[in-house]
Amino acid sequence: RKAIEFYEQALQIDREIGDRRGEGNALGNLGLAYAALGDVRKAIEFHEQALQIDREIGDRRGEGADLGNLGLAYADLGDVRKAIEFYEQRIVIAREIGDRRGEGNALGNLGVAYKNLGDVRKAIEFYEQALQIDREIGDRRGEGADLANLGVAYEKLKDLTEARRLWLQALEIYEAIEDPNAALVREWLGGLDQ
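Overview of the structure. Bear in mind that the values here come from a model prediction, so they are computed numbers and not experimental data.

Looking only at helices and strands, the protein chain has ten helices and zero strands in total. Walking the protein chain from its N terminus toward its C terminus, one meets helices and strands in the order α-α-α-α-α-α-α-α-α-α. The C-alpha radius of gyration of the protein chain comes to 18 Å, within 12% of the 16 Å expected for a compact globule of 194 residues. Across the 194 residues in the protein chain, those meeting the buried criterion constitute 45%. For the protein chain, the distance from the average position of its 27 positive side-chain charges to the average position of its 38 negative side-chain charges is 2 Å.

Structure (structure tokens):
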């Protein structure tokens with residue numbers, strides 16, 4: 001709520017001085033803040049406004065981020081197919097501008113979306129692509145998430161040996177970077193032993 005106050009002040013100033021890029025950033029940040037509060041519909045409104053500005057001013061990186069954020073918001077609403085549309089648009093832009101981190105994030109999000117639709121094999125394809133990118137760019141947190149997600153997918157396929165192998169790799173990374181997701185992966189590993 002405090003962050004929202006500051007973003008609203010920034011938005012007002014950006015509008016007063018005619019800083020369209022700043023305005024788009026403030027709108028996107030407001031969208032993220034409302035998403036964090038669980039007000040997904042309001043988040044979507046802000047992300048759509050940010051997207052409109054970023055398209056008007058030709059900010060492809062901002063446009064890609066807005067599309068990814070809209071995908072996450074629609075996923076939160078349970079509209080997985082709409083989320084997939086936004087993630088796919090995000091990937092196109094990320095590849096056009098060479099945003100490997102954005103591409104990896106979008107691929108991982110596509111994996112989650114397809115897992116949620118029950119298409120685990122397709123999810124695995126996207127997780128593996130995301131993992132390759134995250135390893136190439138040295139994104140350890142992303143690599144850990146990809147490995148953890150792959151483990152979940154293999155658990156769903158009843159390949160518990162592969163799930164364990166992947167989760168152990170994820171746990172090693174999460175512990176090394178002190179990521180709180182290490183506790184969740186430990187819990188999953190413990191569940192395999194029961």
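Having seen it, we continue.
This brings us to helix α10 (residues 181-192). The end-to-end C-alpha separation of α10 is 17 Å, in line with the 16 Å expected for twelve residues at 1.5 Å each. Packing partners of the buried residues in α10 comprise α8 (140-156) and α9 (160-176).

Time to look at the pattern of salt bridges. One pass over the full model with this rule turns up 19 salt bridges. Among the ionic pairs, E143 bridges to R135, the shortest N-O distance being 2.9 Å.

Take the environment of G64 next. With respect to the helices and strands, G64 occurs in helix α4 (residues 60-77). Relative accessible area serves as the criterion here: at 0%, G64 is assigned to the buried category. Distance in space between the C-alpha atoms of G64 and I97 is 9.6 Å, their sequence separation being 33 residues. Sequence-distant contacts of G64, defined by excluding residues within four places in its chain, comprise R90 and I93.

Conventions adopted
- Residues numbered from 1 in each chain as written.
- Predicted model: local features only at pLDDT ≥ 70, side-chain atom pairs only at ≥ 80, totals over all residues.
- Heavy atoms only, no water.
- Helix = DSSP H or I, 4+ residues; strand = E, 2+ residues; numbered from the N terminus.
- Rg over C-alpha atoms; globule rule 2.2 N^0.38 Å.
- Buried < 20%, exposed > 50% of the residue type's maximum accessible area, 1.4 Å probe, protein only.
- Lys, Arg positive; Asp, Glu negative; His and termini not counted.
- Charge placed at Lys NZ, Arg CZ, Asp CG, Glu CD.
- Expected span 1.5 Å × (residues − 1).
- Contact = heavy atoms within 4.5 Å.
- Salt bridge = Lys/Arg side-chain N within 4 Å of Asp/Glu carboxyl O.

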